[in-house]
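Here are the chains, one letter per residue:
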Amino acid sequence: MSDDRDFPSNSDTEPERESEPRPEADGGVTRQEDFPLDISRWVAAIAPIVLLALFVGGFLLATPLAGIQGGGEPLPAVSIDYTTLPDGETIRLHVTNNGPPVEITQVHVNEANWQFDVSSPGDDARLGTGESATVEIPYHWMAGYDYDVAIMTADGVTFGTTIVAAHQSPGITTQILWTLAVIGFFVGIVPVTLGMFWFPFLRTMPRTWLHAVLAFSAGILAFLAVDAGFEAFEVAERVPTYYAGPLLVVLGIVGAVLVVQAIMDWGSGDEPSRLALAYSAALGIGLHNFAEGLAIGSAFAIGRTSLGAFLIVGFMIHNVTEGPVFVAPLAEGDRPALSHFAALGLLAGAPVILGGWIGIATQSPILSALFLAIGVGALLQVVFDIGDLVRSSGSLRAAPNLAGFGIGLFVMYATDLLIVL
Amino acid sequence: MTDQRASDPTTREDEAASVTRGLEERLIDSVEDHEGVTRRSVLGGLAIAGGAAVTGLGAAQSENDPDGGDGEVNGFGAPGEYTHEQFDPHGFLREFNAGDSPNERDAIFGRADDLNAGVYEEDGQTVREFNFTAIDVEQEILPGVRFPMWTYNGQVPGPTIRVEEGDLVRINFTNGSRKMDHTIHPHLRNLNPRMDGIPQNGPGLIEPGESFTYEWRAQPAGTHLYHCHTLPLKAHVHRGLYGTIIVDPKPELVRENPRKYLDYHGPITEEVREMAVRRAKSRNMISHAGFVPEGYDGIDEMVMVMNGFDTNFNGDNEVYGVNTRGFAYAPARTDSYRGEWAAGKTKKPIQVDRNDLLRVHLLNLIEFDFVNSFHTHSQFFDYYDAGTTLFPNRKTIDTVLMCQAQRGVLELDYGDHQPGLYMFHAHQSEFAELGWMSFFEVN
């Protein structure tokens, strides 16, 4: 009520507190040191886990929520992740159970009951939470037609998808593997290697311009990272919800940054060698090209193979800019052995072929999202490293560097227009 | 046979391969110029046929496969067998309850309830009494697929009631459902509005745990239906609250006033009158069960309620059928490339005797779709709309279209057909392929 009264009481307590002895105040630290045996430390470490186990057990036994669980069953959630048409007589659905256990009891094709066979981990039509299965339907489909397919569970819930413009998925034959290898060679290895032929020219450049070229490389890589990042999150939408696609992508990106950084630091200490930087750049581009290969393979797999000459030329122009990116760090100092250049070229270019092969073998959105995310992480790490390299012997914000970075972004955007899968 | 194949598989396959090649070339040559047939589609078809021939897929293998799902070539219908013993469409087909019929009922796998509560005279009037209880049960509507039903006496369609023209039908209705109000509304010419089974009249809705006794006048003669009239109607009908009530014509009344029973405007000669009386006797299973129409050994009557189920509640049916179970009257296994079939335990054609007059009481209780239909293969039938006439309204047709709640009597004669399988189904292909495809096996 009155301020006057309160003040005296405050002033009374102050001196008392100060008069108390203080030294034992940080008892926590001293007590820890007082543990007589090392075992006690481990007991202390494990105790919370043991207690958690006890509480979980007690919760499950006592079922304190039993009274409020009426009718609150989780709804079934099954996704058809992708479909394949291995031959003219078969439709194959790749499904994942994202919810409580279900049984696939019936299958519809274009609003008609049809025969089917389920291959699941338990070898029956029952799918536990998180289990995936393939549903094989003998169906004489017509190329170019659309097909509505749906699976029905024991309680009549349906989960469906539309196969648009049905087209036979190519099997994995030596011919198709060879075709993809040839495409990969032209789309990946050739342009990347051609890009590396700028190396002698780069060596003649003054440091300022070389930095600008490095910044240009960083722009290219940054563009690819953003591009692949968007795509990764797009693909993540199709990942069965059980696997939390977007989080998987985040994990892939951050994980890849950390892993590539750790590898870089392993041999060379804090300051990465220029060769190590070149290799990590090549790896980043390689992972990006792997994802590109996956996309080409998937396009083959779902029959969208309009890979005309124009598209291949587009890819070549797009990818030729990747060559100088990982040789630019080597422009200063001693030229490494030629075998290193061959290795860099293969590391950056050859994954297109591998990606193509895997892309045709599976269209698993989980795999695609994960590979895209890892590529993004690897690319970002290289962008950071190039940034470090430029900063260590100059300023990042020098006009040529900013211009180089911007031009890198623009070139990638422009050449990206040439590729429409 | 199996052993022989195992001992020398290569020879057999080589042989089969060369035969297949020869056939391939011939077939391809013959269709090469045919527009719309690609070489690939021909080859694809042959690959399957050849595969079936070589591996012996189909009926033979299916027998070894208790599941029944794998051996079917170019499959037919919904694979698998029914396992749930709540309602048997094969038992339901020919079950008629007249009030004094046995309460161990085939429709519910021979279990007993108290449906038939007696037949007695009251004020010079025959009373047929029944006990109806609304309960919630699950029924299997496709192999492995169950649907939560609201039912009369635990079955969908509800019990078939059969009475004679002019009887008093007394229904002691108890609502045994846990949550929902229900009624029974009859499609009869009822003279007391309190007995109409609607929310606006008489007792109105019967709440869970409550009872009401409906009394209906059995008229006019014909095949009719009853159903719950609680709102929302779509839900209460679609969930299974419906059934059949057949009113058999009394030959005496027909003799008195034949014109009432005929969709016919010519003079009523003695010949016409006698014909109508004979037809009334043929239709009356209660007082003239032994009547055999000329040219037949007997009469085989069955009830088919065309219904459907919206299993995912999207306002469209996922399962169609007659008498609830999709494909219940169809073969369990089919080898499409050899025209062979096999009956299953729960999925099997309806056995009929070719010397019997086949009479089908057909009702359309579909929801969500405006119309349903009934089409016979290799057969034409006479159709009596609502069964209220004794001469057919439509003679010699093979397809009849019905709107919701429309019903009629069909008379089929397989007397000069060769024994074998004769299909019948909705001619809405979508309905047929989602379960409403059935067969008579004529012996």
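Residues numbered from 1 in each chain as written. Chains lettered and ligands numbered in written order. Predicted model: local features only at pLDDT ≥ 70, side-chain atom pairs only at ≥ 80, totals over all residues.

### Things to note about the overall build of chain B
Argument step 1. Each helix and strand in chain B was counted, giving nine helices and 22 strands.
Argument step 2. Across the 443 residues in chain B, those meeting the buried criterion constitute 44%.
Argument step 3. Taking the contacts inside chain B whose residues are at least 6 apart along the sequence as the reference set, 65% of them involve residues at least 24 apart. (Helix = DSSP H or I, 4+ residues; strand = E, 2+ residues; numbered from the N terminus. Buried ≥ 20, exposed ≤ 12 C-beta atoms within 10 Å, placed from the backbone. Contact = placed C-beta atoms within 7 Å.)

### Focus: the domain arrangement of chain A
Interface size is commonly expressed as the accessible surface area that is lost when the partners come together.
Residue and element names in this part refer to chain A.
Argument step 1. Here the domain parsing of chain A yields domain 1 (22-72), domain 2 (78-163) and domain 3 (174-416).
Argument step 2. Measuring from the centre of the C-alpha atoms in domain 2 to the corresponding centre in domain 3 gives 37 Å.
Argument step 3. Listed per partner, the contact involves six residues of domain 2 and seven residues of domain 3.
Argument step 4. Here the side of domain 2 that touches domain 3 takes three residues from strand 1 (residues 78-87), the largest share from any one element.
Argument step 5. Among the residues making up the side of domain 2 that touches domain 3, the classes are represented as one nonpolar, four polar and one charged. (Domains from an automatic or database assignment. Nonpolar A, V, L, I, M, F, W, Y, C, P; charged D, E, K, R; others polar.)

### Here we look at the interface of chain A and chain B
Argument step 1. Contact residues are listed per partner, giving 20 residues for chain A and 23 residues for chain B.
Argument step 2. When contributions to the side of chain A that touches chain B are tallied by element, the ones reaching two or more residues are strand 3 (102-109) and strand 4 (113-114) of chain A.

### Some thoughts on the sheet that holds strand 10 (residues 298-309) of chain B
All names here are of chain B.
Argument step 1. Strands sit in the order 11-10-15-20-17-18 across an open sheet of six strands; the sheet is mixed. The two strands at the open ends of the sheet, each matched to only one other strand, are strand 11 (319-322) and strand 18 (394-397). Between one strand axis and the next, the sheet turns by 25 degrees as a mean value, whatever way the strands run.
Argument step 2. As paired strands, strand 15 (residues 356-364) and strand 20 (residues 407-413) are joined by seven bridges and run antiparallel to one another. From the neighbouring strand, Leu-362 faces strand 20, where its bridge partner is Gly-408. (Pairing = 2+ DSSP bridges. Axes fitted to C-alpha atoms, helices over the stretch in contact; angles between N-to-C directions.)

### Considering the pairing of strand 16 (residues 371-376) of chain B
All names here are of chain B.
Argument step 1. Only one face of strand 16 is buried, namely the one carrying Asn-372, Phe-374 and Thr-376, since none of Val-371, Ser-373 and His-375 on the opposite face is buried.
Argument step 2. Sheet topology note: the strand 16/strand 19 (residues 399-403) ladder contains five bridges and is antiparallel. Looking at the pairing, Asn-372 lines up with Met-402 of strand 19.
Argument step 3. Summarising the sheet, strand 16 and strand 21 (residues 420-425) pair through two bridges and their orientation is antiparallel. Paired with His-375 across the strands is His-425, a residue of strand 21.

### Describing the sheet that holds strand 2 (residues 90-97) of chain A
Residue and element names in this part refer to chain A.
Argument step 1. The four strands are arranged 1-2-7-5 in an open sheet whose pairing can be described as antiparallel. Both edges of this open sheet fall to strand 1 and strand 5 (117-119), since each of them pairs with a single strand only. Strand-to-strand twist in this sheet, taken as the mean axis angle between neighbours without regard to direction, amounts to 25 degrees.
Argument step 2. Where strand 1 lies against strand 2, seven bridges are found, and the strand directions are antiparallel. What sits directly across from Asp-87, in strand 2, is Thr-90.

### Structural notes on unusual backbone geometry
Residues and elements named next belong to chain B.
Argument step 1. The omega torsion across Gln-219 and Pro-220 is -5 degrees, close enough to zero to call that bond cis.
Argument step 2. Relative to the elements of secondary structure, Pro-220 occurs in the loop between strand 7 (211-217) and strand 8 (222-227).
Argument step 3. Of the consecutive residues Leu-231 and Pro-232, the connecting peptide bond is found in the cis state with omega at 0 degrees.
Argument step 4. The phi dihedral of Phe-313 is positive, around 55 degrees, even though this residue is not glycine.
Argument step 5. Structurally, Phe-313 is set in the loop between strand 10 and strand 11.

### Let's talk about the nonpolar core
Argument step 1. In this structure, Val135(A), Ile151(A), Met304(B), Met306(B), Leu365(B) and Trp436(B) are the most contacted members of the largest nonpolar core, which totals 115 residues.
Argument step 2. Looking at which element gives the most residues to this core, the answer is strand 10 of chain B, with six residues.
Argument step 3. Residues in contact with Met304(B), not counting those within four places in the same chain, are Val322(B), Asn323(B), Val360(B) and Leu362(B).
Argument step 4. Counting residues in each nonpolar core, the second largest holds 77 residues, with Leu221(A), Leu294(A), Leu330(A) and Val390(A) among its members. (Core = buried A, V, L, I, M, F, W, Y, C linked by C-beta atoms within 7 Å.)

### Some remarks on the environment of Thr230(B)
Residues and elements named next belong to chain B.
Argument step 1. Considering the arrangement of structural elements, one finds Thr-230 in the loop between strand 8 and helix 6 (233-238).
Argument step 2. By C-beta crowding, Thr-230 is classed as buried, having 24 other C-beta atoms within 10 Å.
Argument step 3. Distance from Thr-230 to Ala-432, taken between C-alpha atoms, is 30 Å for residues 202 residues apart in sequence.
Argument step 4. Other than its neighbours up to four places away in sequence, Thr-230 contacts Asp-181, His-182, Thr-183, Pro-199, Leu-205 and His-236.

### Some details on the confidence of the model for chain B
Atom-level detail of predicted coordinates should not be read off regions where pLDDT is low.
Residues and elements named next belong to chain B.
Argument step 1. When the pLDDT values of chain B are averaged, the result is 86; 83% of them are 70 or greater.
Argument step 2. Low pLDDT, under 50, characterises residues 1-13; the stretch is placed with two contacts to residues that sit more than four places away or in other chains.
Argument step 3. When the criterion is pLDDT under 50, residues 26-72 qualifies, and its contacts beyond four places in sequence or with other chains add up to 66 contacts.
Argument step 4. Reported for the predicted complex are a pTM of 0.77 and an ipTM of 0.77. (pLDDT = per-residue confidence, 0-100.)

### Focus: the confidence of the model for chain A
All names here are of chain A.
Argument step 1. In the predicted model, chain A carries a mean pLDDT of 81, and the fraction of residues at 70 or more is 85%.
Argument step 2. Mean pLDDT per element in chain A: helix 1 (residues 3-19) is the minimum at 45, and strand 8 (residues 147-153) is the maximum at 96.
Argument step 3. Below a pLDDT of 50 lies the segment residues 1-20, which in the model reaches zero contacts outside its immediate sequence neighbourhood of four places, other chains included.

### A closer look at the environment of Trp150(B)
Residues and elements named next belong to chain B.
Argument step 1. Within the secondary structure, Trp-150 is located in strand 3 (residues 145-152).
Argument step 2. Judged by the 22 C-beta atoms lying within 10 Å of it, Trp-150 falls in the buried class.
Argument step 3. On a C-alpha basis, the gap between Trp-150 and Tyr-329 in space is 23 Å, while along the polypeptide they are 179 residues apart.
Argument step 4. What Trp-150 contacts, discounting residues up to four positions off in sequence, is Ala-134, Asp-136, Ser-177, Met-180, His-236, Arg-239, Gly-240 and Leu-241.

### Digging into helix 11 (residues 338-349) of chain A
All names here are of chain A.
Argument step 1. With twelve residues, helix 11 extends 17 Å between its outermost C-alpha atoms, agreeing within 8% with the 16 Å of an ideal straight helix rising 1.5 Å per residue.
Argument step 2. Residues of helix 11 that are buried include every one of Phe-341, Leu-344, Gly-345, Leu-347, Ala-348 and Gly-349, and no others.
Argument step 3. On the buried face of helix 11, the contacting elements are helix 4 (174-196), helix 8 (274-301), helix 10 (323-327) and helix 12 (351-361). (Expected span 1.5 Å × (residues − 1).)

### Brief notes about the packing of helix 4 of chain A against helix 8 of chain A
All names here are of chain A.
Argument step 1. Between helix 4 and helix 8, the shortest axis-to-axis distance is 11 Å and the interhelical angle comes to 140 degrees. Here helix 4 lies oblique to helix 8, going by the angle between them. Considering how the two elements wind past one another, helix 4 and helix 8 form a crossing that is right-handed. Residues Leu-180, Ile-183, Gly-184 and Gly-188 of helix 4 form the contact with helix 8, whose participating residues are Asn-289, Gly-293, Ile-296, Gly-297 and Phe-300.
Argument step 2. Of the residues belonging to the contact of helix 4 with helix 8, the class tally is four nonpolar, five polar and no charged. (Parallel < 35°, antiparallel > 145°, perpendicular 65-115°, else oblique. Left-handed = near helix turned anticlockwise from the far one by under 90°.)

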